[in-house]
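# Close look at the chain arrangement
Chain by chain, the residues run as shown.
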Amino acid sequence: MTEAILLVGGKGTRLRPLTVNTPKPMVPAAGVPFLTHQLARARAAGVEHIVLATSYLAEVFEPYFGDGSGLGLHIEYVTEEEPLGTGGAIRNVAARLRSGPDEPVLIFNGDILTGLDIRALVATHETTGADVSLHLTRVEDPRAYGLVPTDATGRVTAFLEKPQTPEEIVTDQINAGAYVFRRSVIDTIPAGRPVSVERETFPELLATGAHLQGMVDSTYWLDLGTPQAFVRGSADLVLGRAPSPAVPGRCGDRLVLPTARVAPDAKLTGGTVVGDGARIGEGARITGSTILSGAVVEPGAVITDSLIGTRAHIGERTILSGAVIGDGAVVGPDNELREGVRVWCDAKIPAGALRFSSDQ
């Protein structure tokens with residue numbers, strides 16, 4: 001297995017305002033665009049050729065990654081004129097693949113942070129003779145996911161979309177968003193229209209007797225679809241809980257990029273990242289958060305589990321917890337923004353305008 005398809009066309013609507021100016025895979029996690037971690041892990045597993053299936057803000061990928069040689073890869077780019085879904089995107093890039101009909105092609109989603117043993121998934125695919133092999137992971141509450149029950153040999157027996165009742169929860173195994181396809185199977189996906197592999201391709205393959213194999217790998221796995229999850233994923237990369245060869249520094253409590261300026265008495269913990277050109281003022285306390293490039297955190301601010309967009313400005317003594325501050329936004333001094341708040345790009349909040357507690 002030497003080539004892969006990476007699906008990076010989604011709009012990332014659940015991550016807005018982070019994705020207003022930046023496609024989800026290009027939002028920085030642990031100091032580099034999240035996509036960098038996926039590309040580096042694929043390369044470490046032996047992948048040499050990757051086709052990026054792009055759509056939303058497609059023009060930003062190639063200027064950053066070029067031909068992929070900087071990562072030891074050959075990267076090609078295919079842009080969908082209209083969103084085609086997961087299956088449609090896979091079919092849309094098929095002409096760029098070089099594998100023979102029976103050779104394996106790795107496919108993975110651009111918003112999953114995982115410690116998956118990619119080589120083990122490919123080995124499972126080859127030893128079982130499967131048409132498609134799926135990475136499965138176990139979760140405590142599978143109601144938000146598609147269930148994938150398997151028999152004693154790991155062969156997939158059904159695809160069950162988002163169960164609603166206890167009787168429907170027949171397994172805790174879910175589709176984890178990474179697959180190995182036999183190359184010829186990709187050509188059976190209908191071309192030129194939206195197709196979902198989860199709702200159409202996989203069930204139809206199963207109905208026609210194709211061999212779909214599941215491999216349960218319950219190492220680190222996180223869907224980065226929400227701001228809270230994205231911030232946590234970035235922190236876990238810095239802390240070393242999530243594996244990646246692309247973290248630009250040693251794992252630890254903090255990651256400060258070279259051109260950032262941090263006051264000597266500022267306290268950065270919990271996997272906090274401070275991006276290039278960002279500035280952290282005296283006495284600021286930042287835990288488990290991501291401060292993107294060019295952002296400013298004034299003295300005495302307290303930031304927990306939050307993401308501060310590029311060029312955003314956080315005023316003195318402001319408290320943020322579970323907040324997302326969009327690019328270029330200004331949050332004045334003495335504000336208090338709590339869990340779930342999203343401040344849009346370039347918005348301006350005056351001093352002391354928003355609080356969850358008394359100002360005394």
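Attention here is on the structure that accompanies the text. Nothing here was measured: the structure is a model prediction, and the numbers come from that model.

### A closer look at the overall build of the protein
Check the secondary structure of the protein and you find seven helices and 28 strands. For 360 residues, the compact-globule estimate of 2.2 N^0.38 gives 21 Å, and the protein sits close to it at 22 Å. Across its three principal directions, the C-alpha atoms of the protein cover 70 × 50 × 35 Å. Within the span of the protein, comprising 360 residues, buried residues form 56% of the whole. Taking the contacts inside the protein whose residues are at least 6 apart along the sequence as the reference set, 52% of them involve residues at least 24 apart. Roughly 15,000 Å² of accessible area belongs to the protein as shown, and the carbon and sulfur atoms make up 50% of that amount. Looking at charge distribution, the protein has the averaged site of its 32 positive side-chain charges lying 4 Å from that of its 42 negative ones.

### Describing the nonpolar core
One broad trend across soluble globular proteins is that nonpolar side chains are buried collectively. Ile5, Ile107, Leu134, Phe181, Ile186, Phe202 and Leu212 are the most contacted members of the largest nonpolar core, which totals 29 residues. Elements represented by at least two residues in this core include exactly strand 1 (3-7), strand 4 (49-54), helix 3 (85-92), strand 6 (104-109), strand 8 (132-138), strand 9 (173-182), helix 5 (183-186) and helix 6 (197-207).

### Regarding helix 6
Buried within helix 6 are the following residues: Val197, Glu198, Glu200, Thr201, Phe202 and Leu205. Contact partners of the buried residues in helix 6: helix 3, strand 8, strand 9, helix 5 and strand 10 (212-216). In the segment just after helix 6, Gly209 is the residue with positive phi, at about 90 degrees.

### What about the sheet that holds strand 19 (residues 296-297)?
Ordered by their spatial adjacency, six strands build an open sheet running 13-16-19-22-25-28, and the pairing between neighbours is parallel. With one partner strand each, in any of the chains shown, strand 13 (261-262) and strand 28 (348-349) form the two edges of the open sheet. Here two bridges tie strand 19 to strand 22 (residues 313-314), and the two strands are oriented parallel to one another. The residue of strand 22 that forms the bridge with Val297 is Ile314.

### Topic: the layout of surface pockets
In this model, the largest pocket occupies a volume close to 1,200 Å³. For the largest pocket, the lining is made up of 42 residues, of which Arg14, Thr86, Asn109, Asp111 and Glu198 are closest to its centre. If you list the elements that add at least two residues to the lining of the largest pocket, you get helix 3, strand 9, helix 6 and strand 11 (221-223). The dominant element in the lining of the largest pocket, judged by the number of residues it contributes, is strand 9, at four residues.

### A word on the sheet that holds strand 26 (residues 336-337)
Within the open sheet, the five strands sit side by side as 14-17-20-23-26. Their pairing is parallel. Lying at the two open borders of the sheet, with one neighbouring strand each, are strand 14 (267-269) and strand 26. In this structure, strand 17 (residues 285-287) lies alongside strand 20 (residues 302-304), joined through three bridges in parallel fashion. In the strand pairing of strand 20, Ile286 is matched with Ile303.

### Focus: empty space enclosed by the protein
Counting across every chain of the model gives one cavity of 30 Å³ or more. In this model, the largest cavity occupies a volume close to 170 Å³. Together, 18 residues line the largest cavity, and Gln38, Arg41, Phe108, Ile112 and Thr114 are the ones closest to its centre. Every element with two or more residues in the lining of the largest cavity is listed here: helix 1 (34-44), strand 6, strand 7 (112-114) and strand 9. Among the elements that line the lining of the largest cavity, the one with the most residues is helix 1, at five residues. Of the residues contributing to the lining of the largest cavity, the split by class is eleven nonpolar, six polar and one charged.

### Observations regarding the pairing of strand 6
Taken across its six residues, strand 6 has six buried, putting it largely inside the fold. The alternating pattern of strand 6 places Pro104, Leu106 and Phe108 and Val105, Ile107 and Asn109 on opposite faces, both of which are buried. Sheet topology note: the strand 1/strand 6 ladder contains four bridges and is parallel. Directly across from Ala4, in strand 6, lies its bridge partner Leu106.

### What about helix 7 (residues 227-239)?
Taking 1.5 Å per residue, 13 residues should reach 18 Å; helix 7 reaches 18 Å between its end C-alpha atoms and fits that length. With ten of 13 residues buried, helix 7 lies mostly within the body of the structure. Taken together, the buried positions of helix 7 are occupied by Pro227, Ala229, Phe230, Val231, Gly233, Ser234, Ala235, Asp236, Leu237 and Val238. A positive phi of about 85 degrees marks Gly240, the residue just after helix 7.

### Comments concerning the pattern of salt bridges
The tally for this structure, following the rule as stated, stands at 14 salt bridges. Lys24 serves as the salt-bridge partner of Asp111, at 3.0 Å between the closest nitrogen and oxygen. With Asp111 in the loop between strand 6 and strand 7 and Lys24 in the loop between strand 1 and strand 2 (28-29), this pair connects stretches of sequence that are 87 residues apart. Here Asp111 and Lys24 have matching classes, each one buried. Residues Arg317 and Asp334 are paired through a salt bridge, measuring 2.7 Å at the closest nitrogen-oxygen approach. Of this pair, Arg317 sits in the loop between strand 22 and strand 23 (319-321) while Asp334 sits in the loop between strand 25 (330-331) and strand 26; the two residues are 17 residues apart in sequence, bridging distant segments of the chain. Residue classification places Arg317 among the partly exposed residues on the basis of a relative accessible area of 44%.

Conventions used here
Residues numbered from 1 in each chain as written. Predicted model: local features only at pLDDT ≥ 70, side-chain atom pairs only at ≥ 80, totals over all residues. Heavy atoms only, no water. Helix = DSSP H or I, 4+ residues; strand = E, 2+ residues; numbered from the N terminus. Rg over C-alpha atoms; globule rule 2.2 N^0.38 Å. Buried < 20%, exposed > 50% of the residue type's maximum accessible area, 1.4 Å probe, protein only. Contact = heavy atoms within 4.5 Å. Areas by Shrake-Rupley, 256 points an atom, 1.4 Å probe, with all protein chains shown as cover. Lys, Arg positive; Asp, Glu negative; His and termini not counted. Charge placed at Lys NZ, Arg CZ, Asp CG, Glu CD. Core = buried A, V, L, I, M, F, W, Y, C linked by side-chain atoms within 4.5 Å. Pairing = 2+ DSSP bridges. 1 Å grid on protein atoms, 1.4 Å probe; cavity = no way out; pocket = protein on both sides within 12 Å on 5 of 7 lines; lining within 4 Å. Points joined across faces, edges and corners; volume = space filled by probe spheres on them. Nonpolar A, V, L, I, M, F, W, Y, C, P; charged D, E, K, R; others polar. Expected span 1.5 Å × (residues − 1). Salt bridge = Lys/Arg side-chain N within 4 Å of Asp/Glu carboxyl O.

Geometric values such as these leave the question of function open.
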